[in-house]
Amino acid sequence: MNALIIICALIIVGCGSSYVGVRGGIVPTLQGGEETGSVQSSSNGLGFTYGVSAGLSITEKLGLQTDPSIRTASLTQEVGYPTTSSGTSYFVQAEATTVATILECPLLLTTKKRINEQFRAMFGFGPNFSFRVSTAGDVVGTATITDGAQAGMTAPIQSVSVSAGSDDSILFGITLMGACDFVVSEPVSLRGEVRFQHDFVNDQMSAYSFGGSSGPYITAEYPPTRLSIGIAVLFSTESKQGP
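Chemist: Is there a simple way to think about the pattern of salt bridges in this case?
Modeler: Pairs may arise between side chains of opposite charge once their charged atoms sit close together. Evaluation of the coordinates by the stated rule reveals eight salt bridges. Arg195 is the partner of Asp67 in a salt bridge, and the nearest nitrogen-oxygen pair spans 3.1 Å. Here Arg195 lies in strand β13 (residues 188-201) and Asp67 lies in the loop between β6 (62-66) and β7 (69-85), a separation of 128 residues in the sequence. Ionic pairing is found between Glu104 and Arg226, a salt bridge with its closest N-O pair at 3.7 Å. Here Glu104, found in strand β8 (residues 88-114), pairs with Arg226, found in strand β16 (residues 225-236); they are 122 residues apart in sequence, far enough to count as distant. An identical accessibility class is assigned to Glu104 and Arg226; each is buried. If you follow the salt bridges from partner to partner, you end up with Arg23, Asp67, Glu193 and Arg195 in one network.

Now the structure itself:
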């Protein structure tokens, strides 16, 4: 992964003859990752992405672009299971929420087409590499007595917070991009873009053990398929053409 970051940095430096800028956007999930354990339901929250975008022209129509970015992904899992403690039976209803921060670096082969003096269309395709920067999670819930004279009584379970740092497991996938540039002035452009991303190699996003040995162990992978809808401000160093 360190080598990947170095390569991206070298590409950005080499992009001084074309364009560089900042970008950000939202990331809706199209397909959630595979889950294991007693998960009753789950939902992926809206993710966010922000970073830099830099491109280098190879020919008049072809180029290379890299976009080192930070992306967030969130997942909420509803877990329900029966358990017994000190001879009393309970049903535990819990919610596990995980937020992951991911560093990703796509490398795209791009093609562009000038529509008129102000608008240009661009399409890109290429590999996408990413790895986890950090994860944080919380488990909250209630335990309800299911038998005896106190059946129906409910009490909160002890909440749990977990966190983890970076991981060297590389997630590998593809990125497809469609974009439109609006030339504000000779060196400055605004870009609207939509990206389709899918990971072929995935890893665990969350892993929780509930109630010690008496409760279930659940896991979930990162959402492998998603969109990224964003905007970018680009600064071109070309004197006659924008990015």
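Anyway, onward from the coordinates.
Chemist: Looking at this model, I keep getting lost on the nonpolar core. Mind explaining?
Modeler: Counting residues in each nonpolar core, the largest one holds 10 residues, listed as Val79, Tyr81, Val92, Ala94, Ala96, Val139, Ala143, Tyr208, Phe210 and Ile218. At three residues, β8 tops the list of elements feeding residues into this core. If near-sequence neighbours (up to four positions away) are discounted, Val139 is found in contact with Ala94, Glu95, Ala96, Ser159, Val160, Tyr208 and Phe210. Within the second largest apolar cluster, eight residues are counted, among which are Ala73, Ile102, Leu171 and Met205.

What counts, and at which threshold
Residues numbered from 1 in each chain as written. Predicted model: local features only at pLDDT ≥ 70, side-chain atom pairs only at ≥ 80, totals over all residues. Heavy atoms only, no water. Salt bridge = Lys/Arg side-chain N within 4 Å of Asp/Glu carboxyl O. Helix = DSSP H or I, 4+ residues; strand = E, 2+ residues; numbered from the N terminus. Buried < 20%, exposed > 50% of the residue type's maximum accessible area, 1.4 Å probe, protein only. Core = buried A, V, L, I, M, F, W, Y, C linked by side-chain atoms within 4.5 Å. Contact = heavy atoms within 4.5 Å.

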